[in-house]
Amino acid sequence: MPKVAVLPGDGIGQEIVPEALKVLNTALKQSGMKFEFEEHLIGGSAIDLTGKALPDRTLQACLDADAVLLGAIGGPKWDSLPAKERPELGALLPLRKELNLYANIRPVKMIPSLLSASTLKEDVVKDVDLVVLRELTGGLYFGEKGRNDHPPAAYDVLVYTENEVKRIVELGFQTAQQRKKKLCSVDKANVLESSRFWREITNDIARNYPDVELTHMYVDNAAMQLVRNPAQFDVIVTENMFGDILTDLASMLGGSIGMLASASMSGKKGLYEPAHGSAPDIAGQNKANPLATILSAAMMLRYTFELNQEADNIEKAVIKVLDEGYRTADLAKPNEKTVGTKEMGDAVAAALSMEFGN
Ligand code: NAD
């Protein structure tokens, strides 16, 4: 039976993950499928109960599972701990490292009923439906770094191995095959040797994917094009630092942080989580928007389990409730009626049942 490690974590993580599970269970019931969901401690709540942000049992459960569904971790209660013991450094980074999660996937899709939430002109963002794939474990952030005294200087070395480039670019082509079959590889090949290496490998791999249209774009142009005409993109694949910058830029195209899903992958195995944090300011008040976590769960069905229909159905149910006017506080205009976390989860599960049967 497919196995999912469920890590609600801290703050609103405890509220949004149950809503994602509610929706997941509805989708799986419709398909007559059963998953094993096993809940484990992580983050501040794990520190309180076990003394460690990433208890051994949790790590082992994540290693044994096909996928991990995470809420969020951290909060003011644990901020005064030494940096390495804090929830983020003590749990999230080691978990990503242990699971070898080398690909970060962040989809950005404009939902028409949320058009006015974007900071960009409606005409520019109305047709946005793209995915940014960022290499997560190589490049400048992981190369040798240091300082020289005479003369004073600092350096960070940008290294990519062939294997590191191959596996993320392959995933880029496979992702494009499941979408509009357009892949844009972003580099700086006019200046950087590592980018020319990246481009050569990408062109080689392209021969195995004749159904995917490949383009190359320099990163400075990509930043400009993402704001000028973001609807031209389907899948973007890029290295670590370019991706770091472009994913943040692209995330604003869709409007609200409460809508942003993400996946960090190693092959078919993935860690799925909303892009936001534990929101201590609204935790425990039934105010959090659960949609980013629900959409992360849909990504899990698509990328780890290849249940594309079920993932599509969840995304359609989310669009339906938004079209019907359901808004958590973060999405609402002033004086607009709002629903709570639980009510939003109930509405998505109900829309799923109504549209696609029980
Ligand atoms: P945050 O994302 O938790 O909150 C930023 C703002 O957005 C807050 O006003 C919050 O109320 C709002 N917000 C976030 N998610 C929301 C949702 N689903 N619905 C409605 N409103 C939402 O960022 P922060 O305040 O900088 O960090 C809070 C804690 O979360 C910190 O301890 C931080 O280290 C941690 N954090 C964890 C992760 C993670 O688990 N991956 C990521 C980022 C931050």
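Predicted model, so just to flag it, every value in this text is computed and none were measured.

Notes on the site of the ligand
Okay, so step 1: If you check the shell around the ligand, you find 18 residues, and the closest are Glu88, Gly277, Ala279, Asp281 and Asn289.
Okay, so step 2: Take glutamate 273: an N or O atom from its side chain is 3.3 Å from a nitrogen atom of the ligand.
Okay, so step 3: The residue inventory of the shell around the ligand, partitioned by class, reads eight nonpolar, six polar and four charged.

Remarks on the pattern of salt bridges
Okay, so step 1: Within the structure shown, the criterion is met by 23 salt bridges.
Okay, so step 2: Notably, a salt bridge pairs aspartate 56 with lysine 52, separated by 2.9 Å at the nearest N-O pair.
Okay, so step 3: For aspartate 56, a relative accessible area of 56% corresponds to the exposed category.
Okay, so step 4: Taking relative accessible area as the criterion, lysine 52 reaches 41% and is therefore assigned partly exposed.
Okay, so step 5: Between aspartate 312 and arginine 302 there is a salt bridge whose closest N-O contact spans 2.5 Å.

Some thoughts on the side chain of aspartate 187
Okay, so step 1: Topologically, aspartate 187 is positioned in strand 8 (residues 182-187).
Okay, so step 2: Overall, the relative accessible area of 1% leaves aspartate 187 in the buried class.
Okay, so step 3: Within the structure, the side chain of aspartate 187 is placed 2.9 Å from the side chain of arginine 199, a separation counted as a polar contact.
Okay, so step 4: If we ignore the near neighbours within four places in the chain, the residues touching aspartate 187 are Ser195, Arg199, His216, Met217, Tyr218, Val219 and Phe242.

A few points about the domain arrangement of the protein chain
Okay, so step 1: Taken domain by domain, the protein chain holds domain 1 (1-102 + 259-358) and domain 2 (119-254).
Okay, so step 2: Each of domain 1 and domain 2 was reduced to a C-alpha centroid, and the two centroids are 26 Å apart.
Okay, so step 3: Between domain 1 and domain 2, the residue contacts involve nine residues of the former and eleven residues of the latter.
Okay, so step 4: When the two sides are added together, the surface that domain 1 and domain 2 hide from each other amounts to roughly 860 Å², 57% of it contributed by carbon and sulfur.
Okay, so step 5: Area buried by domain 1 at its contact with domain 2 is led by Tyr102, Leu260 and Tyr303, which between them contribute 61% of it.
Okay, so step 6: The interface formed by domain 1 and domain 2 includes zero salt bridges.
Okay, so step 7: Across the contact surface, domain 1 and domain 2 share one residue pair in polar contact (both at pLDDT 80 or more).
Okay, so step 8: Looking at the side of domain 1 that touches domain 2, the elements that each hand over two or more residues are strand 11 (261-266) and helix 10 (291-303).
Okay, so step 9: Here the residues of the side of domain 1 that touches domain 2 sort into five nonpolar, three polar and one charged.

Here's the deal with the pairing of strand 10 (residues 235-238)
Okay, so step 1: Here strand 10 shows a buried face lined by Val235 and Val237 and a second buried face lined by Ile236 and Thr238.
Okay, so step 2: The pairing of strand 5 (residues 129-135) with strand 10 spans four bridges and is parallel. Looking at the pairing, valine 131 lines up with valine 235 of strand 10.
Okay, so step 3: Relative to strand 10, strand 8 runs parallel, the two being bridged by four bridges. Note that in strand 10 the partner of leucine 183 across the bridge is valine 235.

A few points about the sheet that holds strand 10
Within a sheet, each strand pairs with its neighbour through backbone hydrogen bonds, oriented either parallel or antiparallel.
Okay, so step 1: With mixed pairing, ten strands are arranged side by side in an open sheet as 2-1-3-12-11-4-5-10-8-9. In this open sheet, the two strands that pair with only one neighbour each are strand 2 (36-39) and strand 9 (213-218). Each strand of the sheet is rotated relative to its neighbour by a mean of 20°, with strand direction disregarded.
Okay, so step 2: Pairing geometry for strand 11 and strand 12 (residues 269-274), over six bridges, is antiparallel. The residue bridging alanine 261 from the neighbouring strand is proline 274, located in strand 12.
Okay, so step 3: Lying over the sheet, helix 8 (residues 219-228) contacts strand 5, strand 8, strand 9 and strand 10, oriented at roughly 105° with respect to strand 9.

Cut-off values and rules
- Residues numbered from 1 in each chain as written.
- Predicted model: local features only at pLDDT ≥ 70, side-chain atom pairs only at ≥ 80, totals over all residues.
- Heavy atoms only, no water.
- Near = heavy atom within 4 Å.
- Polar contact = N/O pair within 3.5 Å; in protein donor to acceptor, adjacent residues only side chain to side chain.
- Nonpolar A, V, L, I, M, F, W, Y, C, P; charged D, E, K, R; others polar.
- Salt bridge = Lys/Arg side-chain N within 4 Å of Asp/Glu carboxyl O.
- Buried < 20%, exposed > 50% of the residue type's maximum accessible area, 1.4 Å probe, protein only.
- Helix = DSSP H or I, 4+ residues; strand = E, 2+ residues; numbered from the N terminus.
- Contact = heavy atoms within 4.5 Å.
- Domains from an automatic or database assignment.
- Buried area = accessible area lost by both parts, 1.4 Å probe.
- Pairing = 2+ DSSP bridges.
- Axes fitted to C-alpha atoms, helices over the stretch in contact; angles between N-to-C directions.

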